[in-house]
Amino acid sequence: MRTHKGSSSNRRPTTVLYLVCAAAFFSLVVFAIQSSFFAQSSSSSVKLDLNTEQDIRTLSQFQSSVQQCVANRGLGLTADIIDHCNLILKYPPGTNSTWYNAQFKVFEPLQYKFNVCEAVLLWEQYRNMTTVLTREYLDVRPKGWEEYAPKRIAQLGTDKCYNKTICEEHLNLLLPAKPPFHPRQFRTCAVVGNSGDLLKTEFGKEIDAHDAVIRDNEAPVNEKYAKYVGLKRDFRLVVRGAARNMVSILNGSEYSNPVYLFQGIVLRRGAKGTGMKSIELALSMCDIVDMTRYFSTPRQGHNPLQGRAYYQLLECLGVIRIHSPMRSKRKQGWSDIPTREMIGRAHAAALRLKRGQDGDLGQFGSCKVSGTVDPDKIGPISGSTDMSDVRKSSNYSKWEVLPFESLRKEAQDHYNQMEGVSLYKMDGNKLDDLVCVRHSSKSEV
């Protein structure tokens, strides 16, 4: 019996030893797993930091290019870099600030701070968008007909559009079923201001050589001024003056071309910002935008120094090319403007910093609202049979019924890349606040 007890007692240390070894082995395995996890996490963190640093370097290099561009082209402006996104554009000491802000009791300042990252993201986004108000936009936007349309179109005479059919009857004059113009539709576009100072330089031939010409407001276009501002007028953007009474334009006047309404403009209520709206339109359908402009003299509601500074920033961001009598050389070179490749890298870096390194949501990542259009239910072409003789002859079908094959190759490629989706702004200039409408057929775009 003692022998038996001794044998059992001898096995107990061995069993305990096995358990201790197993626990130690398990602890080593857990430690190895944890070490591997933390090592991977640390590696990812280091990689993330390195990518962020690279994006900051890319944007800093871009800022330097913008700074040099402003120095070469800035009409006396200089750019002071704050960081990889922010800079200050300054006018030289002694610049005469003549516009007085009565509200704040100060003269217009001589320096302005701009966020280059936000500007690049905003204006490059316009290259893929439509800026014309359409019926498909109202269909897809939540309460588009009931609430948005009455706010934008004063002629409806109501705060809400409870009966879509009745509202459509009023809007068929102005609203196309789908975008009448398309990204990359034209290679070069000229945006021509309406300042009388443009008569100081003869830009007429250069303006008319563009694929499309967009004119601001109601400046005359005739043989008398042809050598100064040209004769071609594919588009006329009217957001002041005549926009307060669109009925007279629709029922006659000299505007015999189709009339469309832009997002954010309220008819019969004066709207400002013709120049910026012209750029939005041009970017949404042109590869290269040349702006012929003399920067306005001070007057109520206009900040000429701030406007000139912002236009100069846009030129050095590759958004526009400025032709102005204010420049000493009539013909300009463009080698000091950042290249499209450099702008593309800066755009990608700014987008990653905004959304995070793993925040690439694809080309439709900014779509807040999405919808699909049935090609069999897109509605009639804009226009009305009871319009005046002048307006009745307007060729709306020139833009609204356009065979896909008739677009230039770059526009077709863009349409295919975007998978037939049209992008609209929801409200204001928010980057991640778009209405995206997919077209199920491309036989007519």
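Residues numbered from 1 in each chain as written. Predicted model: local features only at pLDDT ≥ 70, side-chain atom pairs only at ≥ 80, totals over all residues. Heavy atoms only, no water.

Trainee: Can you break down the pairing of strand β6 (residues 186-192) residue by residue, with the values?
Mentor: Of all seven residues that make up β6, six are buried, and the element is covered over most of its length. Where β6 and strand β9 (residues 286-292) come together, six bridges link them in parallel fashion. Paired with Cys189 across the bridge in β9 is Val289. Bridge count between β6 and strand β7 (residues 212-216): four bridges; the pairing is parallel. In the strand pairing of β7, Ala190 is matched with Val213. (Buried < 20%, exposed > 50% of the residue type's maximum accessible area, 1.4 Å probe, protein only. Helix = DSSP H or I, 4+ residues; strand = E, 2+ residues; numbered from the N terminus. Pairing = 2+ DSSP bridges.)

Trainee: Tell me about the sheet that holds strand β1 (residues 78-81), residues and numbers included.
Mentor: Pairing within the open sheet is antiparallel, and its three strands lie in the order β1-β2-β5. The sheet is open, and its two borders are formed by β1 and β5 (111-115), each paired with just one other strand. The mean angle between the axes of side-by-side strands here comes to 25°, regardless of whether they run parallel or antiparallel. Pairing of β1 with strand β2 (residues 86-90) involves four bridges; the strand directions are antiparallel. The residue bridging Thr78 from the neighbouring strand is Lys90, located in β2. The strands touched by helix α10 (residues 304-316) within the sheet are β2 and β5, with β5 carrying the most contacts at an inclination of about 40°. (Axes fitted to C-alpha atoms, helices over the stretch in contact; angles between N-to-C directions. Contact = heavy atoms within 4.5 Å.)

Trainee: Account for the packing of aromatic side chains, with residues named and values stated.
Mentor: Counted by the stated rule, this structure contains 12 aromatic pairs. With centroids separated by 5.7 Å and ring planes inclined at 85°, the aromatic side chains of Phe181 and Tyr260 adopt a geometry described as edge-to-face. Placement of Phe181 in the loop between α5 (164-171) and β6 and of Tyr260 in the loop between α8 (246-250) and α9 (274-283) is noted, with a sequence separation of 79 residues between them. Residue Phe181 is classed as buried on the basis of its relative accessible area, which comes to 9%. (Phe/Tyr/Trp six-rings, centres within 6.5 Å; stacked < 30°, edge-to-face > 60°.)

Trainee: Lay out helix α11 (residues 340-355) in plain terms, naming residues and giving numbers.
Mentor: The end-to-end C-alpha distance of α11, which contains 16 residues, comes to 22 Å, matching closely the 22 Å that a straight helix rising 1.5 Å per residue would cover. The complete set of buried residues in α11 reads Ile343, Ala346, Ala349 and Ala350. When α11 is viewed along its axis, its buried side chains cluster within an angular range of 130° and face the same direction. Just downstream of α11, Gly356 is the residue with a positive phi angle, here 95°. (Expected span 1.5 Å × (residues − 1). Arc of directions from axis to C-beta.)

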